[in-house]
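Inside the fold
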Protein chains: 2
Amino acid sequence: MAMDLLDQLCHTICSWLQGTGPESDIVISSRVRLARNLIRYPFTSRATEQDKREIFGFVRDRLRSLELTREFHILAVDELPETDRQFLVERQLISRELHNGSGPRGVAFDSSETASLMINEEDHLRLQVMQSGLALREAWDRANALDDALDSVIDFAYHPEFGYLTACPTNVGTGLRASVMLHLPALAMTKQMDKVVMAMEKMGLAVRGLFGEGSQPSGDFYQISNQVTLGRSEEDIIEEIYSVIPKLIQYERRAREALLSESRNELQDSVSRSLGILGSAHTITSEETMYHLSRVRLGIALGLIDLPTQTVNKLFMQTQPAHLQKLQRQELSGQERNIVRAALLRQRLASANQN
Amino acid sequence: MAMDLLDQLCHTICSWLQGTGPESDIVISSRVRLARNLIRYPFTSRATEQDKREIFGFVRDRLRSLELTREFHILAVDELPETDRQFLVERQLISRELHNGSGPRGVAFDSSETASLMINEEDHLRLQVMQSGLALREAWDRANALDDALDSVIDFAYHPEFGYLTACPTNVGTGLRASVMLHLPALAMTKQMDKVVMAMEKMGLAVRGLFGEGSQPSGDFYQISNQVTLGRSEEDIIEEIYSVIPKLIQYERRAREALLSESRNELQDSVSRSLGILGSAHTITSEETMYHLSRVRLGIALGLIDLPTQTVNKLFMQTQPAHLQKLQRQELSGQERNIVRAALLRQRLASANQN
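Parameters at a glance
Residues numbered from 1 in each chain as written. Chains lettered and ligands numbered in written order. Predicted model: local features only at pLDDT ≥ 70, side-chain atom pairs only at ≥ 80, totals over all residues. Heavy atoms only, no water. Least-squares fit on C-alpha atoms with pLDDT ≥ 70 in both. Contact = heavy atoms within 4.5 Å. Salt bridge = Lys/Arg side-chain N within 4 Å of Asp/Glu carboxyl O. Helix = DSSP H or I, 4+ residues; strand = E, 2+ residues; numbered from the N terminus. Buried < 20%, exposed > 50% of the residue type's maximum accessible area, 1.4 Å probe, protein only. Domains from an automatic or database assignment. Buried area = accessible area lost by both parts, 1.4 Å probe. Polar contact = N/O pair within 3.5 Å; in protein donor to acceptor, adjacent residues only side chain to side chain. Pairing = 2+ DSSP bridges.

**Regarding the relation of the copies chain A and chain B**
- For the pair chain A and chain B, the best superposition has an RMSD of 0.0 Å and corresponds to a rotation of 180° with a translation of 0.0 Å parallel to the axis. Viewed as a symmetry operation, the transformation between the two copies matches a two-fold axis. In terms of C-alpha distance to the rotation axis, chain A has A:Gly276 as its closest residue, with the C-alpha 2.4 Å off the axis.
- Most of the interface of chain A is mirrored in chain B, where 100% of its interface residues again form contacts.

Structure, rendered in structure tokens:
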């Protein structure tokens, strides 16, 4: 069943990637994540196989019992082959930590892939809601509603003074991490990202790559998130990020305008060449693909390339290794993937090249 | 009149570039050049303005008097603007030395641009015949016939022991230089050109770039020519080159076959990307253009790209700086040329991209 589901999913893009939300030329998605642990069980890192099996079974039953989560897909991640686990990472439904973990663990998500719940990750439960564009409040509202529902059927470890107890002290308190995924190609091209990262860090915000903690920025995607969760209300955390993101959006827009006014032809050249390379290569790595797709996405946003942003968003997702293998319905070596990736890109983009 | 003529020429390619001759997938052209000097005048480097004016006038009159050369276009190179002189260099009708020279000097050529005669270059006369493909004997026959005709109306400086006297001792004797222009992308890609150049030099042959002496190899074009002209007959010189070129052609073919059998996909990738870049760039230098056109030409020869070789040959010629300016009918800065060059390439190639 899991197989059938993932085989279908690989042909579509998640709703949070559809570019329908506010400021979606720059803000890919907004994400709210809540860390929760069950009472009466040790944290995941100290839990036994048996503990984890019980937790997974218990949570699955509770999800089935709730109106809000009854229709969620629930997958036992430890029973999935490597490619399927990687596939879930690429869709941001599970973390790399859950992918690499051991023992019974799982993920539950709704059919729009907006809400997902990891079971037996660093914490027993990691609830996540992702929305298209700059929509943190909406994501928070939905996460909050899901959390309330879960809270009504699961006893969470909670300390009256410290708040929610989590495996890592940095998550204690609200257990909330709010993050926004931004596409910042103009700031990257004009070499202003170091400055931006430093400014964010001074404000207590972290800047990470596409796959969160420890991942490198790829395709000029940057994830901005709060660091502190203790001693502050959920709303404060959300508002803090909300106060910063519009400034970042403005910086990126200014950098884009400066590129357009000061070196329009070089910019047109750069984005068109990227489209030309993607539309003609016969072997291409994931990294090079991300690089050029980012340029093309910028070109579309600035009216230099006439192509739907969705085409590019979909390619960002589908040119990833596990997606390619699901689309081809076979295991592929790195070299084979590079060839299949190039063929997919040519098919989708060659005819789109501009004059 | 010169203006009108060159304005027309810029839209066409010379007959020697049409790719109709033998082995023309590898051999672009065969060239025979004869150096001749008039008696009673000092060599060009020591001639006065007045001498040069007299020589040019005299030769022009003789050309008009001969059946074979009556219809030749005759241009006073010293009266042409810089762009037109550069244009003649790009078409290989005159040398860079004649372009940069001083005082009265000229060029005469037939409408197919196969035969040309430089007046007051290093020698008073430099007669050149270029043919498409590997056709040195044909080129020699025609040069010989033209030389005989000129000899019947002009007294050439000739020494019974040394042969034809020339300004530079390396040309004394036959005054003949035979050369073949080869396109050797596979030998260049597989880094075998150093070896080839050394082997040629051991055999007394010189390997030069597109514009002869002192020019860098560009677009993987190499000009192979004899070094010694003294103490040997014209036929010996021609035969010497004829004995070597087929081996070089074979080396290049083997390198192409090896690339095809050992790394077909990488090769397909490389030539397709080159076509993709040429078909999408919005600013591109002459050097980068030559590099990618060379790859595309290789791709066509190996059946990896479906495009007429003539399209590429024509672009090799027309994307050169003076050609671009003649096509646009205006002077252009380097930056403007890069933009116009990219537009020309897109127009001719974008629709030709492959799947």
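**Focus: the pattern of salt bridges**
All names here are of chain A.
- Evaluation of the coordinates by the stated rule reveals 38 salt bridges over all chains.
- The partner of Asp 147 in a salt bridge is Arg 36, with the nearest N and O atoms 3.0 Å apart. A residue pair is termed long-range when its members are at least 10 positions apart, and Asp 147 in helix H5 (residues 136–151) and Arg 36 in strand E1 (residues 27–36) qualify at 111 residues. Across the pair, Arg 36 and Asp 147 agree in class, each one buried.
- Arg 70 serves as the salt-bridge partner of Glu 67, at 3.8 Å between the closest nitrogen and oxygen.

**Observations concerning the domain arrangement of chain A**
All names here are of chain A.
- Assigned domains of chain A: these are domain 1 (2–256) and domain 2 (264–354).
- Taking only C-alpha atoms into account, the centre of domain 1 sits 27 Å from that of domain 2.
- Tallying the contact residues gives 30 residues for domain 1 and 24 residues for domain 2.
- Interface of domain 1 and domain 2: buried area, both sides summed, is about 2,400 Å²; carbon and sulfur atoms make up 60% of it.
- When the buried area of domain 1 at its contact with domain 2 is split by residue, Thr 83, Glu 90 and Met 189 rank highest and sum to 24% of it.
- Where domain 1 touches domain 2, the interface holds three salt bridges.
- Close ionic contact of Lys 326 with Asp 84 constitutes a salt bridge, the shortest N to O distance being 2.7 Å.
- For the pair domain 1 and domain 2, the number of links is 17 residue pairs in polar contact (both at pLDDT 80 or more).
- Of all the elements in the fold, those that place two or more residues in the side of domain 1 that touches domain 2 are helix H1 (2–9), helix H3 (82–90) and helix H6 (185–189).
- Broken down by element, the residue count for the side of domain 1 that touches domain 2 peaks at five residues, all from H3.

**What to know about the pairing of strand E5 (residues 125–132) of chain A**
All names here are of chain A.
- Most of E5 sits inside the fold, with seven of its eight residues counted as buried.
- Of the strand pairs in this sheet, E1 and E5 are connected by eight bridges, and their pairing is antiparallel. Along E5, the bridge assignment pairs Ser 29 with Ser 132.
- Count of turn residues in the strand E4 (residues 115–119)/E5 antiparallel hairpin: five residues, of which Asn 120 carries a positive phi of about 65°.

**Some remarks on the side chain of B:Gln268**
- By secondary structure assignment, the location of B:Gln268 is in helix H8 (residues 234–278).
- Residue classification places B:Gln268 among the buried positions, given a relative accessible area of 14%.
- Polar side-chain contacts of B:Gln268 include one of 3.2 Å to the backbone oxygen of B:Leu304.
- Beyond its immediate stretch of four places on either side in the chain, B:Gln268 contacts A:His282 and B:Leu304.

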